[in-house]
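Spelled out from the first residue to the last, the chains are:
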Amino acid sequence: MMSPGNDNYGFFLSDVLNYPLIARCTEFNHIIDRCSIKELHDIFPTLVNSIFGVPNTTGWGLRTICRSLNQHEFDCLYHFFTPIGPMFRLCYRLLNEPFKFDVPIEMLPLSTSQVLLNGGYSNFYADMINIDPIRRQIVSLSLNSFDYFIFHFLLHGLSPIHIMYPGALAAHNGMWQTLYFTLTADYLCTFLPANPENIVMPTNICGSVKTTTNVPIQPIQPNRSPKYLSLSAITHNFTTNTTTIRSPDSFRQHWRTESVLYLFVDIWLRHNFDECRELPSSEFIRVVRILVKQLHIFGNSADLDNTSMSLLRKLAQPMMNAQMYVFLRCIISRWPLDSSFTTVLELWLSYIQPWRYIFPNNSMYVGSPQIAHRFEQFVMENMISYTQILVQLLPRFERIDFSSMRNVMMLHRVLKVFGQANLSDLLKLNEQEIGSMNIGMMSTPNHKSPKHPDSFNGPSNMNLSYRSDQSLHNESYKHLFGVEVQDHLKHLVQKMLAFREIHSEHAAKLERDLINRRKGFFKYIKWLLIHDDDASSQQELKDSKKIPDLLNNMLCAVADIFDIDIPTSEEVFAFSSQYSWDESRSYDKTALMQAEMDMDVFDTYPSPTIMKKRVMDVQYMGDPALIPIQSGEIAFLVRFLHIVATRINETYPRDIDGLWNRNGILGQLARQVLHPPMTLRSFDKTHGMNREVKQDIGARVTFRQFGSYKTCATIFGAYLLGYLFYGSGVSGLVILSVVTFVYVVVVSFLNDPKVH
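Below is a summary of the structure that appears in this document. Note that this is a predicted model, so its numbers are computed, not measured.

**With respect to unusual backbone geometry**
The omega torsion of the bond from M201 to P202 falls at -10°, within 30 degrees of zero and hence cis. Relative to the helices and strands, P202 resides in the loop between α10 (179-191) and α11 (236-240). A positive phi angle is found at D563, which is not glycine, with a value near 55°. Structurally, the position occupied by D563 is in the loop between α22 (535-562) and α23 (569-576). Overall, D563 belongs to the exposed group, its relative accessible area being 58%.

**Quick word on the nonpolar core**
W60, F81, W268 and W348 are the most contacted members of the largest nonpolar core, which has 157 residues in total. Top element by residues in this core is helix α14 (residues 310-334). It accounts for twelve residues. Listed in part, the six residues of the second largest apolar core include W660, A670, L674 and V701.

**Digging into α14**
Counted at 1.5 Å a residue, the expected span for α14 with its 25 residues is 36 Å, and the 37 Å between its end C-alpha atoms agrees. Maximal helix bending in α14 amounts to about 35°, located at M324. Counting buried positions over the 25 residues of α14 gives 24, a clear majority of the element.

**As for the sheet that holds strand β2 (residues 129-132)**
Reading across from one edge, β1-β3-β2 is the order of the three strands in this open sheet, with antiparallel pairing throughout. Across the chains shown, the open sheet's two edge strands, defined by having one partner strand only, are β1 (101-104) and β2. Taken pair by pair, the neighbouring strands of this sheet meet at an average axis angle of 35°, ignoring direction. Bridge count for β1 against strand β3 (residues 137-143) is four bridges, and the pairing is antiparallel. Looking across to β3, one finds that D102 is bridged to S142. Of the strands in this sheet, β1 and β3 touch helix α7 (residues 145-158), which is tilted by about 35° from β1.

**Topic: the packing of aromatic side chains**
Going through the model one piece at a time under the given rule, you end up with 33 aromatic pairs. Measuring from centroid to centroid gives 6.2 Å for F28 and W60, while their planes differ by 40°, and the two rings are tilted. Placement of F28 in helix α2 (residues 21-34) and of W60 in the loop between α3 (37-51) and α4 (71-81) is noted, with a sequence separation of 32 residues between them. Taking the centre distance of 5.3 Å and the plane angle of 75° together, the rings of F88 and F149 count as edge-to-face. Of the two residues, F88 is situated in helix α5 (residues 86-94) and F149 in helix α7; the sequence distance between them amounts to 61 residues. This pair shows no difference in class: F88 is buried, exactly as F149 is. Its end group placed over the ring of W60, R24 keeps NZ or CZ at 4.9 Å from the ring centre. One residue, R286, lies across the ring of F181, its end atom 4.7 Å from the ring centre.

**Points about the packing of α4 against α10**
When two helices pack together, their arrangement is given by the angle between the helix axes and by the axis-to-axis distance. Close contact between α4 and α10 brings their axes to 11 Å; oriented N to C, the two are set at 30°. As judged from the angle between their axes, α4 and α10 are roughly parallel. Where α4 crosses over α10, the two elements pack in a sense that is right-handed. Residues F74, L77, Y78 and F81 of α4 pack against L179, T182, L183, D186 and Y187 of α10.

**Looking at the pairing of β3**
For β3, the buried fraction is high: five of the seven residues fall into the buried class. Where β2 meets β3, four bridges bridge the pair, whose relative direction is antiparallel. Pairing of I129 across the sheet is with L141, part of β3. Between β2 and β3, which pair antiparallel and follow one another directly, the connecting turn spans four residues, one of which, R136, has a positive phi of 55°.

**Focus on the pattern of salt bridges**
Evaluation of the coordinates by the stated rule reveals 13 salt bridges. Note that E283 is salt-bridged to R63, the shortest N-O span being 2.9 Å. On the criterion of sequence distance, the pair formed by E283 in helix α13 (residues 282-300) and R63 in the loop between α3 and α4 is long-range, its members being 220 residues apart. Like E283, the residue R63 is buried in the burial classification. Put simply, R704 and E633 hold a salt bridge, and the shortest N to O gap is 2.9 Å. Here the residue R704 occupies a position in the loop between β5 (691-697) and α30 (709-726), and E633 occupies one in the loop between α26 (608-617) and α27 (635-651), the gap between them amounting to 71 residues. Each of the salt bridges in this network shares a partner with another, and the network as a whole consists of R289, E346 and R413.

Calculation criteria
Residues numbered from 1 in each chain as written. Predicted model: local features only at pLDDT ≥ 70, side-chain atom pairs only at ≥ 80, totals over all residues. Heavy atoms only, no water. Helix = DSSP H or I, 4+ residues; strand = E, 2+ residues; numbered from the N terminus. Buried < 20%, exposed > 50% of the residue type's maximum accessible area, 1.4 Å probe, protein only. Core = buried A, V, L, I, M, F, W, Y, C linked by side-chain atoms within 4.5 Å. Expected span 1.5 Å × (residues − 1). Bend = angle between axes of the 7 residues up to and from the residue. Pairing = 2+ DSSP bridges. Axes fitted to C-alpha atoms, helices over the stretch in contact; angles between N-to-C directions. Contact = heavy atoms within 4.5 Å. Phe/Tyr/Trp six-rings, centres within 6.5 Å; stacked < 30°, edge-to-face > 60°. Lys NZ or Arg CZ within 6 Å of the ring centre and 35° of its normal. Parallel < 35°, antiparallel > 145°, perpendicular 65-115°, else oblique. Left-handed = near helix turned anticlockwise from the far one by under 90°. Salt bridge = Lys/Arg side-chain N within 4 Å of Asp/Glu carboxyl O.

What follows is the structure in structure tokens.
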């Protein structure tokens with residue numbers, strides 16, 4: 001290992017940062033243990049900037065590396081960044097000295113910096129802010145090494161890496177677990193422990209890293225900002241009962257928990273995506289969901305915690321509540337209705353179900369079919385997160401295509417949540433109290449966007465207070481159980497009933513087609529040997545049989561939750577008879593396209609209608625032999641057969657073309673066996689622009705059909721039958737070959753492509 005000297009120290013650090021990832025982690029592991037505190041202080045900011053790609057790079061790949069794709073690198077980096085790994089060991093070593101690392105105010109998300117500049121920050125930031133004495137304005141934050149690392153870790157999650165590095169898009173939009181996702185879960189579970197008996201490890205670190213002033217822990221109250229939900233009303237009773245003085249001993253143990261709690265909430269949940277051009281990645285929504293679930297279980301354990309950390313546990317949910325409605329409303333209003341919308345939906349449903357996240361020993365809230373009294377208070381205080389977001393979603397659900405299982409499952413998931421226990425009764429009761437009060441209305445936060453003029457109002461006894469720009473036009477709170485929503489629900493019910501009938505008829509038609517496809521000896525041989533394309537039909541049949549059951553459950557849920565009468569069978573027939581299965585695929589396309597244009601979906605994201613049309617218009621223009629290996633194929637056999645076929649095509653190209661163009665029976669047979677000539681299309685991007693390149697290829701041999709499981713099973717079955725009936729497996733193979741040859745001859749006479 002190289003050892004840095006005073007003269008070549010900068011060159012040494014630069015060399016190590018250019019090592020491959022695994023060697024880089026190993027080298028820094030040695031450096032952390034061997035270098036002096038002063039040297040580590042000099043290394044630390046450069047190392048953190050390199051890890052998180054400051055500015056505007058992917059850094060060490062925390063958000064691009066997945067275990068399933070890069071297991072070795074994933075494991076090495078995970079052990080380096082784990083809460084008891086080398087990186088945190090470096091942070092803890094630096095805590096032994098009063099080192100501070102400055103973060104310019106410009107690095108903070110705009111919404112967070114505005115709260116600090118407006119003076120609405122909490123006591124957590126009291127000993128961090130640096131004020132310019134001339135301008136009398138906050139210019140930076142001075143953070144210890146632990147807070148500095150966590151701060152950059154959180155900012156890294158906000159950076160649009162899926163745009164800077166398009167290769168990360170698949171990992172972010174899929175369900176792959178990136179290293180960043182895994183580390184987020186580890187950090188939250190470690191520093192916000194669900195079990196009150198767990199102690200944040202390690203315990204033998206210096207606790208004198210912040211000023212332990214005798215002040216009460218207070219929630220964030222942005223007194224002068226018009227954009228955020230104020231906690232003054234929500235936590236009024238809470239703050240009056242939690243003015244316990246922080247003792248140095250308790251602070252020594254829990255300051256890391258306080259830092260993680262404040263920084264995660266302030267940087268992630270306070271971030272306003274209306275102020276930035278790009279929406280976050282699906283990975284970011286998933287890590288925010290981890291944060292929401294951990295804050296729920298962390299706060300729900302407050303009654304079991306007899307230590308001073310119980311104050312932080314009681315603070316966790318009010319802090320989250322203050323930011324979540326604005327965060328969710330902004331994300332949901334702009335997110336396109338593609339497959340990734342399920343991730344956003346699950347985030348919302350996790351937030352409004354705190355009773356799902358309870359520490360196992362907390363039997364106080366487990367086992368009862370009804371929502372516990374403590375969670376009834378949560379429902380009341382967060383009414384708008386239940387009602388107004390669902391009101392916002394209903395018009396979108398009314399326009400989605402119920403021929404898709406994914407779309408049906410999204411609405412089924414929402415109705416299942418709102419139909420549980422006594423949730424709908426609580427919502428109705430609270431809305432009745434809202435309607436019975438003749439008081440001044442409150443408006444929503446101003447997003448400074450012409451696309452968000454709508455706002456809501458609610459009573460002061462709902463423990464919610466919002467501030468709004470006076471120039472914003474106010475509208476009344478939209479009652480979830482009101483007349484306007486009932487009209488939307490009636491149209492939605494009619495559509496569900498119609499699609500229930502459509503799917504039932506389509507399932508019967510698909511089943512008949514699949515049976516007819518295998519009727520007759522030659523059709524059965526064709527199905528076994530040549531065509532292997534009915535997997536999608538089987539899945540479509542399965543979905544078409546399942547969707548009517550789901551729609552029935554959804555109709556029952558709507559009737560129970562909203563007290564809506566389900567139409568009679570005659571009314572259902574009158575409505576569903578207007579549509580056939582094919583027409584349902586393009587259900588009211590003109591109105592749908594106009595609705596998507598009117599909705600607040602971000603400009604760079606195409607609407608679901610446009611995306612669906614693009615997918616339907618996409619055609620594969622390459623060599624069919626190079627289509628990715630399918631689930632019904634044997635990978636190594638397909639690759640081997642492709643190599644054999646390629647060698648034959650390269651050796652005898654003229655002979656194969658001659659057979660294809662030949663007249664007579666040989667030409668007819670060749671045109672049934674060989675792949676026809678075609679024009680391949682690809683795109684050349686070497687000159688900075690897409691240029692279509694065409695390549696003509698002749699007829700060619702392909703053996704790919706012999707690489708499927710079905711074909712191999714047929715060959716093996718013929719061999720086994722020949723062995724059982726004729727005493728020789730070869731006899732069965734000969735019979736199969738003769739039958740196949742006869743089939744090809746018959747088809748060649750009936751369906752021969754004309755060659756000119």
